[in-house]
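# Observations on the model geometry
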Amino acid sequence: MGTGQQSIQHEPAGQFEATRFEKIHNVIFDDSKEGSLQVAREISDLIRDRASKGLQCILGLATGSSPIKVYEELVRMHREEGLSFKNVVTFNLDEYHPMEKANIQSYHYFMHQHLFDHVDIPAENVHIPDGTIPSYVVQEYCRAYEREIEKAGGLDFQLLGIGRTGHIGFNEPGSHFNSATRDITLDHITRVDAAGSFKGLENVPRKAITMGIGTIRKAKRIVLMAWGQNKSEIVKETVEGEISSEVPATYLQEHPNTTFVLDKEAAQNLTRIDTPWLVQSCDWTKDLTHKAVVWLSQRKGKPILQLTDKDYNDNGMSDLLSTEESSYEINIRTFNRLQHTITGWPGGKPGSDDSNRPERAEPAKKRVIIFSPHPDDDVISMGGTFDRLVSQGHEVHIVYQTSGNIAVADHEVLKVAEVANSIQPTAYFEQVIQDLGNKTDMDFDSEAVRKVKGSIRRSESYGATRYMGIPDSQVHFLDLPFYETGTIKKNPLGEQDIQIMNDIIEKIKPHQIYAAGDLADPHGTHRVCLEALFASLDVLKSKPFMEECWVWLYRGAWHEWDTHEIEMAVPMSPEQVLRKRKAIFFHQTQKDGVMFQGEDLREFWVRAEDRNKETAQRYQSLGLASYAAMEAFVRYDFYKK
Ligand code: F6R
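Residues numbered from 1 in each chain as written. Predicted model: local features only at pLDDT ≥ 70, side-chain atom pairs only at ≥ 80, totals over all residues. Heavy atoms only, no water.

## Observations concerning the nonpolar core
In summary, soluble globular proteins display a tendency toward joint burial of nonpolar side chains. With 58 residues, the main nonpolar core has Tyr312, Met317, Phe371, Ile505, Ile513 and Leu533 as its most contacted residues. Looking at which element gives the most residues to this core, the answer is helix H19 (residues 525-540), with 7 residues. In contact with tyrosine 312, not counting residues within four places along its chain, are Val293, Leu296, Leu307, Met317, Ser318, Leu320, Leu321, Ser327, Ile330 and Asn331. (Core = buried A, V, L, I, M, F, W, Y, C linked by side-chain atoms within 4.5 Å. Buried < 20%, exposed > 50% of the residue type's maximum accessible area, 1.4 Å probe, protein only. Helix = DSSP H or I, 4+ residues; strand = E, 2+ residues; numbered from the N terminus. Contact = heavy atoms within 4.5 Å.)

Rendered as structure tokens:
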């Protein structure tokens, strides 16, 4: 898997046979960066090849988060390697309708911001559906768009992302195999996914103009990219499911030259990755055996210690039995490994044998950093463990990586400004009130407003950390610069971000670091915060104090680790569940109708409680002890990475 050099070229007909479940050629990379570089390489090779023959290169392009790194790399190649776009003609897949070109949410704006403004493509070669076209001529406009593509000689290459509905372009479920460019009503899930960028579902357009499935299928080569856990279900359905208009991307199964380029998270549900024993013979490592037995127990609905040889044989795991002792011994080993993950002493149990515990007993009092991407992930994701660490006498530091300011609603700022002004009017809050009054949907927050938003989140955080019993001097706000754009779109991680991370780690010299390993965060902030930590660990790992430092990853509000992955499970009593709930309540601006709700309508504290309860139930159903709730962690060994 995932070497920087691996080719994404489609194998010649007949040679592609990954497993019997897969119907679309796919290549999996360690991360989206590696995958994007290969896609950019294929596009640049094509552009150069066509140029060397004196031909134009006709590209179909996509917007959204998936192609951003491809465009970044193409721009780099243009600047540093002389890649010219003079012979390139582009047709974008889609545009919201209605939509002004200058609107920062428009795909027109996106394409110029990410690609066209930075390369030498002639302006007349760029085609993006026009979101300002009046509805009564839209059909004629769409027919003309199709004709333009044909006149150019058809698409040589089509770049795609995939929506969670299985849409390509904006061909939502129900789209016809032969559909052409047309206007379409957006699916509810698509609008929910876009709601964050539009600051609320009600602002997301209901319609769009999109190339059709038929238009896309005529491309000579198609590359679809999908990154992150959020896409893993739809990727599996598309690659392994039946062709159906319910999942329009499945139509690509019939295209002879399509490749899906995936990262590990997006590929994780494919059968050959998730349950490889069902499709091929396996190298039964300890971890794979553990995963398979946990899976078998869940599948059979039986506690681990009750699984039989027959269960193994019936579920693709017979070769495990032939190389190992008997199901009985494998069951016991799996059961013990799970049992050893459970501890009420997340900082280690002083003075006790720690050979079968997740954490070291010594030093008895540890310095701990809990990194929290936003000001509230600490209590949402690991409030119970946080509580135990404090009550067991460890020196716990909470480090908020970003200000979280964009997630505060304007009315919260108005409230603060009006309260402050009603006591003592100040020019500052006058300005804030004025800025809010002048703000339209298309505007960013003013500096003054952003400051108040950040400050509100700080006060809320202090409320929670004081409740948990730690002094303010152990609460740190990094306000990492990559986040401070005032919009959903963030800057790339920079030297300064990593330096700030290095400084705080060096200052505290922790024995334990907890951090969000939550890769499904829709805005990617958790992901970037994790990248910042990994980059920092890489810099610091040669320092002697780091040899004492263990890193534990928790998952944020959106997902939990799979049971077989968990290396430390911290149980919570019913009282601790309530304490955690109360700590979360201090983050009032994130309660009752938060700005970035996503599709899951439960509030954060409910999600956290449900998830912790589910983890406990999963342990119970595997045959382990029954707790009210559990928080789960995976260890990250930065020396091995
Ligand atoms: C964009 C487009 C859409 C996106 C899809 C995935 O032009 O047509 O099909 O490719 O919605 O979006 P991201 O990449 O943002 O997850």
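## Quick notes on the site of the ligand
Residues in contact with the ligand amount to 13 residues; listed here are only the nearest, Ser66, Asp94, His167, Gly169 and Lys231. A distance of 2.7 Å separates an oxygen atom of the ligand from a polar backbone atom of serine 65. Between the ligand and glycine 161 there is a distance of 3.5 Å, counted from an oxygen atom to a backbone nitrogen or oxygen. With the chains in place, 87% of the 410 Å² that the ligand exposes on its own is no longer accessible. Classifying every residue of the shell around the ligand by side-chain character gives 3 nonpolar, 8 polar and 2 charged. (Near = heavy atom within 4 Å. Polar contact = N/O pair within 3.5 Å; in protein donor to acceptor, adjacent residues only side chain to side chain. Areas by Shrake-Rupley, 256 points an atom, 1.4 Å probe, with all protein chains shown as cover. Nonpolar A, V, L, I, M, F, W, Y, C, P; charged D, E, K, R; others polar.)

## Quick look at the side chain of threonine 289
By secondary structure assignment, the location of threonine 289 is in helix H10 (residues 286-300). In contact with threonine 289, other than residues within four places in its own chain, are Trp284, Leu320 and Ile330.

## A word on the sheet that holds strand E3 (residues 88-92)
Pairing in this open sheet of 7 strands is parallel, and the strands run E1-E10-E9-E6-E2-E3-E5 from one edge to the other. Two strands lie at the open edges of the sheet, namely strand E1 (25-29) and strand E5 (126-127), each paired on one side alone. Sheet topology note: the strand E9 (residues 222-226)/strand E10 (residues 258-263) ladder contains 5 bridges and is parallel. Bridging across to E10, leucine 224 finds its partner in phenylalanine 260. (Pairing = 2+ DSSP bridges.)

## Digging into the pattern of salt bridges
Applying the stated criterion across every chain, the model contains 40 salt bridges. By sharing partners, the salt bridges in this structure join Glu73, Arg76, Glu80 and Glu81 into a single network. (Salt bridge = Lys/Arg side-chain N within 4 Å of Asp/Glu carboxyl O.)

Shape is all these values report; function is a separate question.
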